[in-house]
Amino acid sequence: QVQLVESGGGLVQAGGSLRLSCAASGHIFSNYAMGWFRQAPGKEREFVGGITRSGGNTYYADSVKGRFTISRDNAKNTVYLQMNSLKPEDTAVYYCAASRATIATMTYEYDYWGQGTQVTVSS
């Protein structure tokens, strides 16, 4: 079992930045690829980006590429999502998730989920 707790969400103006953190406990953190998803009201949960077990590779949805950066610190059992140049359409609840797969972009590929943190971007 892996427990995931997100933090760092909040209200920010368009063009601003936020950094989300996701702290993991339970199984060995470095055994899992990690991903970030988001869900806006009335919409399906969508993939934002992911990072491989070692942190050597990252991959992103087109909508955030060039603005968001994922990183991880396996010594601290934490994954981060740095969000820059935020737009109102980035407003959503953001979730981190852990996957046993090498690379995972679909919700069903993830085994464990955090409770989510709200990000609101005002125009």
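Right above here is the structure, for reference.
These numbers were taken from a predicted model, which means no experiment stands behind them.

A. The arrangement of the packing of aromatic side chains in detail. Tallied over the entire structure, the rule returns six aromatic pairs. For the ring pair Phe 37 and Phe 47, a centre distance of 5.5 Å and an interplane angle of 75° mean the geometry is edge-to-face. Of the two residues, Phe 37 sits in strand β4 (residues 33-39) while Phe 47 sits in strand β5 (residues 46-51), which places them 10 residues apart along the sequence. Residue classification places Phe 37 among the buried residues on the basis of a relative accessible area of 1%. On the accessibility criterion, Phe 47 (15% relative accessible area) is buried. Ring geometry for Phe 37 and Tyr 110: centres 5.1 Å apart, planes at 85°, overall edge-to-face.

B. Structural context of the state of the cysteines. With the rule as written, the count across this model stands at one disulfide. The disulfide partner of Cys 22 is Cys 96, and the gap between their sulfur atoms is 1.9 Å. Taking the sign of the S-S torsion, 45° for the link of Cys 22 and Cys 96, the bridge is right-handed. With Cys 22 in strand β3 (residues 18-26) and Cys 96 in strand β9 (residues 92-99), this residue pair connects regions lying 74 residues apart in the sequence. Here Cys 22 and Cys 96 have matching classes, each one buried.

Calculation criteria
Residues numbered from 1 in each chain as written. Predicted model: local features only at pLDDT ≥ 70, side-chain atom pairs only at ≥ 80, totals over all residues. Heavy atoms only, no water. Phe/Tyr/Trp six-rings, centres within 6.5 Å; stacked < 30°, edge-to-face > 60°. Helix = DSSP H or I, 4+ residues; strand = E, 2+ residues; numbered from the N terminus. Buried < 20%, exposed > 50% of the residue type's maximum accessible area, 1.4 Å probe, protein only. Disulfide = S-S within 2.5 Å.

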